[in-house]
Amino acid sequence: MRKPLIAGNWKMHANHLETIQMVQKLSYRLDLADYSRVDVVVCPPFTALRSAQTVIEVDHLLIRLGAQNCHWEAEGAYTGEVSPDMLQKLSVSYVIVGHSERRQLFGESDSDVNRKLKAVLAREMTPILCVGETEQEREGGQTKERVGSQVRLSLQGVASEAVGGLVIAYEPIWAIGTGRTASSDDAGDMCAFIRETVGEQWGNAMEDVRILYGGSVNPGNISALMAKRSIDGALVGGASLDPDSFASIVRYWM
Ligand code: PGA
């Protein structure tokens, strides 16, 4: 049984003080039963990770910490970058790699994503690998080709046991921040396709890898998405910034 995972990607929102409040508010709205059903992750900006870590530790919260990106080297002359080792020291458990905003706005290639993913795994953190097609690719009937190739290239050279432990988020680019969610049928089909793609190359890992949907997830559409057998959770942007709405996404069965 794969445990559902709901992760909030805060993007470039929330300074460290706001982060403390948001994490605390979220924690007031969740109880032990929620955490036993769902893994709950927040991914604040780098500058707020230390503050989030402190609240989580001091208050013994079961919220897990994620980062939005990292470099693949441990250290070096890479102005402006943050290494996986630095994140590990902050008790970061998850690292988003290959988000479409990183790919599109900052030119990250599949091979960059592959290096980042391996670096994250090597520090015993869990990558959340993002894949997804553009609107043009969808209209041109290239969705599966594109997403399949992102999965294969991003995971190239990764052992099957490691693939089983990671998280893949299917995020169609046209659905991100637009209010246009993929239908739960489409999202479910694509998550099933990603699982098959994993199975073709990494065998049994397909049973364990958790596959999330992302793109305009909100409290109103989460339960239909989670009803799909192939969808193990959600990567939530905009709606994760409001602790009330994020908490109701986490409690999608209510
Ligand atoms: P959104 O973002 O929920 O605001 O569409 C999702 C994401 O980019 O991960």
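Reading the values: the criteria
Residues numbered from 1 in each chain as written. Predicted model: local features only at pLDDT ≥ 70, side-chain atom pairs only at ≥ 80, totals over all residues. Heavy atoms only, no water. Phe/Tyr/Trp six-rings, centres within 6.5 Å; stacked < 30°, edge-to-face > 60°. Helix = DSSP H or I, 4+ residues; strand = E, 2+ residues; numbered from the N terminus. Buried < 20%, exposed > 50% of the residue type's maximum accessible area, 1.4 Å probe, protein only. Lys NZ or Arg CZ within 6 Å of the ring centre and 35° of its normal. Pairing = 2+ DSSP bridges. Axes fitted to C-alpha atoms, helices over the stretch in contact; angles between N-to-C directions.

1. Some words on the packing of aromatic side chains
Line of reasoning, step 1. Tallying each qualifying case throughout the model produces two aromatic pairs.
Line of reasoning, step 2. Taking 6.3 Å as the distance between ring centres and 55° as the angle between the ring planes, the aromatic pair formed by Tyr 170 and Tyr 213 counts as tilted. Taken together, the residues span a long stretch of sequence, with Tyr 170 in strand 6 (residues 167-170) and Tyr 213 in strand 7 (residues 210-214) at a distance of 43 residues.
Line of reasoning, step 3. On the accessibility criterion, Tyr 170 (0% relative accessible area) is buried.
Line of reasoning, step 4. Classification of Tyr 213 as buried rests on a relative accessible area of 0%.
Line of reasoning, step 5. Here Tyr 252 and Trp 253 contribute two aromatic rings whose centre-to-centre distance is 5.0 Å and whose plane-to-plane angle is 85°, an arrangement assigned as edge-to-face.
Line of reasoning, step 6. Trp 253 sits in the partly exposed class, given a relative accessible area of 27%.
Line of reasoning, step 7. Its end group placed over the ring of Trp 253, Arg 37 keeps NZ or CZ at 3.8 Å from the ring centre.

2. Comments concerning the sheet that holds strand 5 (residues 126-131)
Line of reasoning, step 1. Spatial strand order, 1-2-3-4-5-6-7-8: eight strands in a closed barrel with parallel pairing. Ignoring which end each strand starts from, the neighbouring axes of this sheet average 25° apart.
Line of reasoning, step 2. Here strand 2 (residues 39-43) runs beside strand 3 (residues 64-67); their pairing, made up of two bridges, is parallel. Residue Val 42 lies in a different strand from strand 3, and its bridge partner there is Leu 65.

That's the geometry; what it means functionally is another story.
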